[in-house]
Amino acid sequence: MIDFDTNKFHVNPNYRLQFEEAQQCHVLLYPEGLVKLSDTAVEILTRCQKPIHKLTLIEDLQRDYPDAETLASDVSEFLEHAAKESWLVIAED
Amino acid sequence: MKEARKLGAVQIGFSGGEPLVRKDCVELIGTANDLGFYCNLITSALPLTEKKIEECKEAGIKHIQISFQGSDKKTNAKFGGTDSFEHKLAMTKAVIDHEIPLGLNFVLHRQNIHQVTDFLMMAENLGAEFVELANTQYYAWALHNRDKLLPSQQQLVEAENATNRFRDQHKGNMNAIFVAPDYYEKRPKKCSAGWGTTFITVTPEGDVLPCQSAKIITGLEFPNVKNDSLNNIWEKSDLFNRFRGTSWMTEPCKSCPEKEQDLGGCRCQAFMLTGDAYATDPICDKSPQHDIIEKAIESAQTDKEESQPLYFRNTQNSKKLAVMEENS
Ligand code: SF4
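Calculation rules
- Residues numbered from 1 in each chain as written.
- Chains lettered and ligands numbered in written order.
- Predicted model: local features only at pLDDT ≥ 70, side-chain atom pairs only at ≥ 80, totals over all residues.
- Heavy atoms only, no water.
- Near = heavy atom within 4 Å.
- Nonpolar A, V, L, I, M, F, W, Y, C, P; charged D, E, K, R; others polar.
- Core = buried A, V, L, I, M, F, W, Y, C linked by side-chain atoms within 4.5 Å.
- Buried < 20%, exposed > 50% of the residue type's maximum accessible area, 1.4 Å probe, protein only.
- Helix = DSSP H or I, 4+ residues; strand = E, 2+ residues; numbered from the N terminus.
- Contact = heavy atoms within 4.5 Å.
- 1 Å grid on protein atoms, 1.4 Å probe; cavity = no way out; pocket = protein on both sides within 12 Å on 5 of 7 lines; lining within 4 Å.
- Points joined across faces, edges and corners; volume = space filled by probe spheres on them.
- Buried area = accessible area lost by both parts, 1.4 Å probe.
- Polar contact = N/O pair within 3.5 Å; in protein donor to acceptor, adjacent residues only side chain to side chain.
- Disulfide = S-S within 2.5 Å.
- Phe/Tyr/Trp six-rings, centres within 6.5 Å; stacked < 30°, edge-to-face > 60°.
- Salt bridge = Lys/Arg side-chain N within 4 Å of Asp/Glu carboxyl O.

The immediate surroundings of the ligand are formed by Arg-187, Pro-188, Cys-253, Cys-256, Glu-258, Lys-259, Asp-262, Gly-264, Thr-280, Cys-284 and Lys-286 of chain B. Here the residues of the shell around the ligand are counted per class, giving four nonpolar, two polar and five charged.

Moving on, we come to the nonpolar core. Within the largest apolar cluster, 82 residues are counted, with the highest numbers of intra-cluster contacts made by Ile-66, Leu-104, Val-131, Leu-133 and Tyr-183 of chain B. Top contributing element to this core by residue count: helix 6 (residues 116-126) of chain B, with six residues. Discounting residues that sit within four places of it in the chain, Tyr-183 of chain B has contacts with Tyr-138, Leu-143, Arg-146, Leu-150, Gln-269, Leu-273, Ile-283, Ile-293, Ala-296 and Ile-297 of chain B. Counting residues in each nonpolar core, the second largest holds 25 residues, with Tyr-15, Val-42, Ile-52 and Val-75 of chain A among its members.

Next up on the list: helix 1 (residues 39-46) of chain A. For helix 1 of chain A, the set of buried residues is Ala-41, Val-42, Ile-44 and Leu-45 of chain A. Against strand 1 (9-11), strand 2 (16-20), strand 3 (25-30), helix 2 (54-64), helix 3 (71-84) and strand 5 (88-90) of chain A lie the buried residues of helix 1 of chain A.

Here the focus is empty space enclosed by the protein. All names here are of chain B. Going through the model one piece at a time under the given rule, you end up with two cavities of 30 Å³ or more. The space that makes up the largest cavity amounts to roughly 90 Å³. Forming the boundary of the largest cavity are Arg-187, Pro-188, Met-249, Pro-252, Cys-253, Cys-256, Lys-259, Asp-262, Gly-264, Thr-280, Cys-284 and Lys-286. Residue composition of the lining of the largest cavity, grouped by class: six nonpolar, two polar and four charged. Space inside the second largest cavity adds up to approximately 30 Å³.

So, about the interface of chain B and chain A. How big an interface is tends to be expressed through the accessible area that disappears when the partners come together. The interface is formed by 16 residues belonging to chain B together with 14 residues belonging to chain A. Across the chain B/chain A interface, buried area totals approximately 1,100 Å², and carbon plus sulfur atoms make up 50% of it. Interface area lost by chain B to chain A is led by Val-10, Gln-11 and Tyr-38 of chain B, which between them contribute 40%. Across the contact surface, chain B and chain A share eight residue pairs in polar contact (both at pLDDT 80 or more).

All names here are of chain B. Counted under the stated rule, the structure contains zero disulfides over all chains. You can see Cys-25 has no disulfide; the closest cysteine sulfur is in Cys-56, sitting 6.3 Å from it. Left unpaired, Cys-191 is separated from the closest cysteine sulfur, that of Cys-266, by 4.4 Å.

Residues and elements named next belong to chain B. Overall, the coordinates contain twelve aromatic pairs over all chains when judged by the stated rule. Taking the centre distance of 3.8 Å and the plane angle of 5° together, the rings of Phe-106 and Phe-119 count as stacked. With Phe-106 in strand 4 (residues 102-108) and Phe-119 in helix 6, this residue pair connects regions lying 13 residues apart in the sequence. With respect to burial, Phe-106 and Phe-119 carry one shared label: buried.

All names here are of chain A. All chains considered together, the criterion is met by 14 salt bridges over all chains. Two residues, Asp-64 and Arg-47, come together in a salt bridge whose shortest N-O distance is 2.3 Å. A residue pair is termed long-range when its members are at least 10 positions apart, and Asp-64 in helix 2 and Arg-47 in the loop between helix 1 and helix 2 qualify at 17 residues. Looking at Asp-64, the relative accessible area reads 45%, which means it is partly exposed.

This is the structure in structure tokens:
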């Protein structure tokens, strides 16, 4: 399990994050299934294609969305969920 | 594949027969991957080598499914038709070592269902993450041998309990699911998630099918990608519209309150067991022909091992079986 205080992480290399023309939305593909992603999820996950640390991620997002007040806690909550679903994995150095 | 992507397909499975007997299989995987498909390979693992696995990974394979017919050399050879157990094990291990997600599939029936725990142990030792213990579906080969293969209710309960016990005792990362044969259910399963709703199968000759086994239904015409676009076939062909939704139904499905839930069951199974592809799937206990299932269960239970030899699945018998089916 990812420790978000210390580990860098990225999108599971066995999953596939992409925009779908036909469905007009971003999806995350995994063995025999997919999830359609919300706009928020896309904003977060596209920044996790390369190894990133949680603090850097939040800084990045806060810069792009200065008005979002609960951003840090929303992102933390999403990351926990994404780790549980194996959408994110620990980045090996 | 381009046309399927345009239709919105995101997953592609290369299966067979054995997909790796095609020399261009890796090339096909590469193209599919470039097009944005999530690529799955369903293989017996027989033609796999370390090199092939690396090539597949390089090409962009994301998931490999390997089936086993037994948890030891002897059972696997008896039901797999080849003496392949060690090679399959080595290749399964190699797939895991290459960090390609692996699904292990154990094909269950009466003669190996007692090996459930052994198989789960084997999967865990290999480091598999996902295991499916799936009872065989009674089509072609298995239908022909049904008396010898259909487990009793008692055996099913035992196997399911063994799976649950294993899950409780080994709280690891492995996810094991148990799929019972529908013969003991009261309601049928949807035809591959619903005829013409989710899946599209294209054979090597280019024929397009709503599910992998649809060719057993006689009297259907199969459109071909060489003559028409996949889009037209999906939307407009007689084949894909024939059993789509509920308007094709006959009684008792037609006026049944549950018709949206199971869509009347599997068309192939209805055809194989009743001779009529429009009939209610006899698995359903509302079907006037449900006695076919009851009799099959009874007959399998009274089957004496000596009465008639099991018809093995090897190349020679497969050919014979194909001819028998064509003539029947
Ligand atoms: S009668 Fe037909 S629709 Fe109703 S439950 Fe049975 S199979 Fe499903």
